[in-house]
Amino acid sequence: MLVLLAAQFLAAVGLASYVYYGRSSSGCINCHADKSRMAQLGFPQLAVTQEQVEKESKHRGVKCHECHGGDGRTDSSDAAHKGMLKAIYLDHESAVIDRKTAAKEPLKPTGSDKMRLLLPKDDDFTEGSDSARVRNILYHDRNPETLGYDPALGKRGCGAAACHPTEVEQYGHSIMGANFRQRTMETWTKPYGPHNCGPSFADTPPVEAAVGDRFSFANYDEIVKNLNTPFSKGQAVDKQRICNVCHAGCLDCHFTPYKGEGAHSFTRKPPSESCSGGGRGSSICHPGTMERRRGDSYLGGDFSEPRGMAPDVHVKKDIVCVDCHLTGPRGMGDIQRKASCGDCHLEIENALAQSEHKNVSCAACHVGMVGGYQLTHWGPGQIAGKPNPFRKYSLYYGTFTPPIVMKDQAGLWIPVKAWPHSVGNIKDDVKPFKGIRYRWPNGDTRDSYALLGTFDGLPGNNRHLAWIEIEQVSHPYGKSRDCDSCHAPDGQKARSVWTFSDEGADDFSGSYNVTAGADGLHIRDINSGEITLEPGARLTDFAPWLFLGDIWKIEHDFSILGRGFEDLKRLYGETLARLDAAKSAMPEKRYKMLRGVAAHNARMGIEAGVRGGK
């Protein structure tokens, strides 16, 4: 009997030891915790201890191989690193660079340029520009071939059975995780017209939980049917890889080495800096095409284009993106576009809901300037170091002041940015339509466009498809714009001032004007200084607006009713003046509350006793 018990005990100990050994990363720690050995191997920046990893990551007891993969038990470097997930360093052509040659420092913040804190600072690096050899760093859940988020890799790390499998599964089914909207764009005109991002050149179709480890050529086959220039599958893949860089995985939000708290720093609640790329360059997450096309930077400063724009007023209050953009009912990654100001400004929202401006969004008055792209044209150029007919010439960076105000699908007045677009080498004639169309009529987004049709007459049989992109803007919030900017008798006016800093020519600057009213919207007076071409470049590649002429017009009612405007404006002024005069007789908190109410509903301010200074 004793022999049997002893055998059972030894078997249990043996099984436990085997399980422990199978979960062990002792080989990793034996090597990486030895600073002298790591220095001798030429990688002192990769020295780390188990205690350090647990403290930085806030994952107690975590083993190296559980996140990184590989074999944590062996002392052989080659065996240990086989199949291991790694950060992906990209150059300006989206080619993968060997990290051993690209970065001699650990993944930690350096310099003062917050947009590029984590990028290696080589001799070519200049703050405020994408000048260094490394343009982007992608994290371990990105596929090294497609460069997109790969759910299969996510499940190997964060989504492992003992970690966060539910959250990773939810994220893979979210609009963001599945990259659903981008994957919906099939061709230049289908299913909902041309878009600033272009079609999904070689991505998988939009499904509930898309994969991230392959390309698809269903869209490509349709795109090439309507081109008058060669376009290969290889060129489509090169375009798609660049598009995929923008779109996020789990680590893009929750891995925070840019905070200076270690190369294994994680956070449960993503800071706004994570939404803005986490210090890894200007073409990833929201500073990628999404924020650059809208120009509505939340953080401003280094994160805005042009650099140095004012941050949103909520940044000073330490309010981060996910404080307002909450997680929806579908779980992780179901971040809601709509944010309610009433959670913090209840009295003001109530006052606004009972005022003449009840159908005006908060942003319509409180967003006074946006930046980002001011012109966008697709034409021949270099992609991945090779010729491609669809280089996106969008680095016409500047300011658009103020946004145009228009009604959305539900009749709510919202601020928008409207700017010219075209793509060359289109074969078939595309007819224009009158007015505007919303890309998602059911209200999933409030973005719209006006299709202007195709235009001939450019050199080289280069037929262009032209449209005006109209995108909702939501930041940066600041003091309210002047009432006359909406209610002027001669309609709305905006001005764009920009500088071109893209391939094809030396930097040059220009501007245009926008008018909007009952007769429609008109982008006019596009002009620039002298343009000095780079060798081999053509103006039609990146500046077809020089040849297309005065085509940028929309037939749509952008007028804003002004009945009683002057009387209401006078009432607002009188109410606020009386309140200011009574300021000393009331607590500061009450004064601010009443002033906010009066500024959004003058009559309610009077009813609250503002006229009497009560």
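The structure we're discussing is the one just above.
Described in the following lines is the structure provided in the data block. Remember, it's a predicted structure, so these values are computed and weren't measured experimentally. (Residues numbered from 1 in each chain as written. Predicted model: local features only at pLDDT ≥ 70, side-chain atom pairs only at ≥ 80, totals over all residues. Heavy atoms only, no water.)

**Overview of the sheet that holds strand β2 (residues 96-97)**
Stated precisely, the cut-off is as follows: Each pair of strands is called paired provided DSSP finds at least two bridges between the two strands. Every helix listed is a DSSP run of H or I at least four residues long, and every strand listed is a run of E at least two residues long, numbered separately from the N terminus.
Overall, antiparallel pairing links the three strands, which are arranged β2-β1-β3 in an open sheet. Looking along the sheet, the strands with just one partner apiece sit at the ends: β2 and β3 (136-138). The pairing of strand β1 (residues 88-90) with β3 spans three bridges and is antiparallel. Bridged to Y89 within β3 is I137.

**A short note on the sheet that holds strand β6 (residues 396-401)**
Taken in spatial order, the five strands of this open sheet run β6-β12-β13-β14-β15, and their pairing is antiparallel. Each edge of the sheet is formed by a strand with only one pairing partner; in this case those strands are β6 and β15 (553-554). As defined by bridge partners, β6 adjoins strand β12 (residues 492-500) across six bridges and the pair is classed as antiparallel. Bridge pairing links G398 to W498 in β12.

**Focus on the side chain of S276**
Spelled out, the test is: Residues are treated as being in contact if the distance between any of their heavy atoms lies within 4.5 Å.
For S276, the position within the fold is in the loop between α14 (272-275) and α15 (289-294). Discounting residues that sit within four places of it in the chain, S276 has contacts with M115, P287, L299 and F303.

**Here's the deal with the environment of M115**
Test applied: Three exposure classes are used, based on accessible area relative to the maximum for each residue type with a 1.4 Å probe and protein chains only: buried under 20%, partly exposed in between, and exposed over 50%.
Note on placement: M115 falls in the loop between α7 (99-102) and β3. Given a relative accessible area of 0%, M115 falls into the buried group. Along the primary structure M115 and C285 are separated by 170 residues, whereas in three dimensions their C-alpha atoms are 12 Å apart. Residues contacting M115, with those up to four places away along its chain left out, are S276, G279, R280, G281, S282, P287, R292, D302 and F303.

**Thoughts on the pairing of strand β5 (residues 386-393)**
Extensive coverage of β5 is indicated by the burial of six of its eight residues. Direction of pairing for strand β4 (residues 376-383) relative to β5: antiparallel, over a ladder of six bridges. Counted as the bridge partner of I383 is K386 from β5. Joining the antiparallel neighbours β4 and β5 is a turn of two residues, in which A384 adopts a positive phi near 55°.

**A word on the environment of A103**
On the secondary structure map, A103 appears in the loop between α7 and β3. Considering only alpha carbons, one finds A103 and F43, 60 residues apart in sequence, at a separation of 10.0 Å. Not counting the four nearest positions on each side in its chain, A103 is found in contact with Q45, Y89 and P120.

**A short note on the pattern of salt bridges**
Threshold: In what follows, salt bridge is the name for a side-chain nitrogen of Lys or Arg lying within 4 Å of a carboxyl oxygen of Asp or Glu.
Taken as a whole and judged by the stated rule, the model has 30 salt bridges. Between E169 and K155 there is a salt bridge whose closest N-O contact spans 3.3 Å. Taken together, the residues E169 in helix α9 (residues 165-172) and K155 in helix α8 (residues 151-156) connect sequence positions 14 residues apart. With a closest N to O distance of 2.7 Å, D252 and R280 form a salt bridge. One end of the pair, D252, is in helix α13 (residues 250-254); the other, R280, is in the loop between α14 and α15, and 28 residues separate them in sequence. Residues D252 and R280 agree in their burial class; the two are buried. Residues participating in the shared-partner salt-bridge network are R293, R294, D447 and E471.

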